[in-house]
Amino acid sequence: MDRKYHFETISVKSTQPQLDKITPVSMPVYLSTTYERNPDGSYNDDYIYSRADNPNRRILESSLAQLEGGDIAYAFSSGMAAVNAVFQSLSPGDHLILPDDIYFNIYLLMEEVYCRWGLQYSLIDMSDTQAVRQAFRPNTRLIWLESPSNPQLKITDIAYTIKIARENGALVAVDNTWPTPVLQNPLELGADIVVHSTTKYFGGHSDVLGGCIVLNKQAELAERIRKIQIYSGSVPSPFDCWLISRGIQTLPLRVMAQTDSAMRLAEFLNQHAKVEKVNYPGLPHHPGHEIAKRQMKAGFGAMLSVLIKGGQQPAVQVSNYLKLFTTATSLGGVESLVEHRKSVEGAASKTPDNLLRISVGLENIQDLVEDWRQALDRI
Ligand SMILES: *Cc1c(COP(=O)(O)O)cnc(C)c1O
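The text that follows walks through the structure, step by step, so that each part is easy to find. (Residues numbered from 1 in each chain as written. Predicted model: local features only at pLDDT ≥ 70, side-chain atom pairs only at ≥ 80, totals over all residues. Heavy atoms only, no water.)

### Focus on the layout of surface pockets
Piece 1. Roughly 800 Å³ of volume is contained in the largest pocket.
Piece 2. Surrounding the largest pocket, 20 residues form its lining, P17, L19, Y30, S32 and Y35 being those nearest its centre.
Piece 3. In this structure, the second largest pocket encloses a volume near 320 Å³.
Piece 4. Every residue lining the second largest pocket is counted, 15 residues in all, and those nearest its centre are D100, D101, F104, S349 and K350. (1 Å grid on protein atoms, 1.4 Å probe; cavity = no way out; pocket = protein on both sides within 12 Å on 5 of 7 lines; lining within 4 Å. Points joined across faces, edges and corners; volume = space filled by probe spheres on them.)

### Here we look at the site of the ligand
Piece 1. Every one of the 13 residues lining the ligand counts as a neighbour, but M80, D175, S197, T199 and K200 are closest to it.
Piece 2. Within the side chain of W178, a nitrogen or oxygen atom sits 3.3 Å from an oxygen atom of the ligand.
Piece 3. Contact with the protein chains hides 93% of the accessible area of the ligand, taken as 380 Å² for the molecule alone. (Near = heavy atom within 4 Å. Polar contact = N/O pair within 3.5 Å; in protein donor to acceptor, adjacent residues only side chain to side chain. Areas by Shrake-Rupley, 256 points an atom, 1.4 Å probe, with all protein chains shown as cover.)

### Notes on the sheet that holds strand 3 (residues 120-124)
Piece 1. Overall, mixed pairing links the 7 strands, which are arranged 1-7-6-5-4-2-3 in an open sheet. For this open sheet the edge positions go to strand 1 (72-76) and strand 3, each flanked by a neighbour on one side alone. Strand-to-strand twist of the sheet, defined as the mean angle between neighbouring strand axes without regard to direction, takes the value 20 degrees.
Piece 2. The sheet contact formed by strand 2 (residues 95-99) and strand 3 spans 5 bridges and is parallel. Looking at strand 3, one finds that H95 is bridged to Q120.
Piece 3. Seen against the sheet, helix 3 (residues 79-88) touches strand 1, strand 2, strand 4 (140-146), strand 6 (193-197) and strand 7 (211-215) and runs at an angle of roughly 155 degrees to strand 6.
Piece 4. On top of the sheet, helix 6 (residues 158-167) reaches strand 4 and strand 5 (171-175); it is set at about 175 degrees to strand 4, its chief contact. (Pairing = 2+ DSSP bridges. Helix = DSSP H or I, 4+ residues; strand = E, 2+ residues; numbered from the N terminus. Axes fitted to C-alpha atoms, helices over the stretch in contact; angles between N-to-C directions. Contact = heavy atoms within 4.5 Å.)

### Observations regarding the nonpolar core
Piece 1. Among the nonpolar cores identified, the biggest contains 55 residues, and L265, L269, V278, L304, V306, I358 and W372 are the most heavily contacted of them.
Piece 2. Ranked by the residues each element gives to this core, the list is headed by helix 10 (residues 251-270), at 7 residues.
Piece 3. If sequence neighbours within four positions are ignored, L269 has contacts with V275, V278, L304, V306, I358, W372 and L376.
Piece 4. With 30 residues, the next largest nonpolar core counts A82, L142, I225 and I228 among its residues. (Core = buried A, V, L, I, M, F, W, Y, C linked by side-chain atoms within 4.5 Å. Buried < 20%, exposed > 50% of the residue type's maximum accessible area, 1.4 Å probe, protein only.)

### Remarks on the packing of helix 10 against helix 14 (residues 365-377)
Piece 1. Axis separation between helix 10 and helix 14 bottoms out at 10 Å; the angle between their running directions is 30 degrees. Classified by the angle their axes make, helix 10 and helix 14 are roughly parallel. Crossing of helix 10 over helix 14 shows right-handed handedness. Side by side, helix 10 and helix 14 meet where S261, R264, L265, F268 and L269 of the first sit next to I365, Q366, L368, V369, W372, R373 and L376 of the second.
Piece 2. Its residues assigned to classes, the contact of helix 10 with helix 14 shows 8 nonpolar, 2 polar and 2 charged. (Parallel < 35°, antiparallel > 145°, perpendicular 65-115°, else oblique. Left-handed = near helix turned anticlockwise from the far one by under 90°. Nonpolar A, V, L, I, M, F, W, Y, C, P; charged D, E, K, R; others polar.)

### Concerning the pairing of strand 6
Piece 1. Summarising burial for strand 6: 5 of the 5 residues are buried, a large majority.
Piece 2. A two-sided burial pattern is seen for strand 6, the buried positions comprising I193, V195 and S197 on one face and V194 and H196 on the other.
Piece 3. As paired strands, strand 5 and strand 6 are joined by 3 bridges and run parallel to one another. If you follow V174 over to strand 6, its bridge partner there is V194.

Structural data, given as structure tokens:
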């Protein structure tokens, strides 16, 4: 650096990047919020300001679009920010059909925020196609699907519901957080919008929040979502994008291993004398088993829920006796988690008192089964 500059100037200028000659194998984190303009006023690769775009987000969005088989993806600062952008793309007076066991926070967002902004909604049991047909109104704009659902693992026939939506001129959004594109591709089944909380399996290590929307080319809708993303600024930081991209590199291996373990745990719990019921679409008795087999590609996911005989008290006890399953909310990480959902959702929730939701991690499956055996033995 030229000696004639003062100390303050050197502090700033000496730390600025000179990257021309290096070729890193893994993606660096580009924290810069702003990008230099060329003498003719243009920007290299259209990078201007990092709320609008940055290299880490562009890589993540391209990856998410490819994984879901979509044309375009938008990354958000959380799953809820992505859901919020879908709702914001609608207009006051529009009606939505939502699953009656929709991810609880989405219900709260609709009820406590968007009703005041003029959106209307009906909560419907999506496994009942007759009820879905009857729920359409002239102003129904969007139907929301979550399959398997949270926390009862209900299965919706996605292709069939899309057919009904088409007949009624409504768009279909699928929250594909639980199955991930490793196991289910809603766009291939005809959905218009796929939403993810990338906090879960994409990130995979319980250390980053994120969300995304993936679309097939629908110029008008894509443009509207893009504007909501960059004008409102609910975007992930470059480091968040980097963490999620890193998680994606092992996504298929993690999801398949966790799915195999979930199947084995479901089978163990299903034959246990202290268990009233196991909700897992991989079990042949599950009412959605045949549909899930058709629309899920390589397994039934790594989430299940279990109803413990005797009500809430023994259920909560079991969750506390487990040593390898941490009692915590969230899902999709490398560590196994268990949660008494009714306590989280509150008195108004329809979740049974004795239901425990399980996120199966990457620990050895024999150890996980033995952990449940010892915990159930103690009640
Ligand atoms: C976690 C989750 C969300 C919300 O995502 P956040 O990243 O927590 O904002 C939405 N839908 C489903 C199915 C989820 O599991």
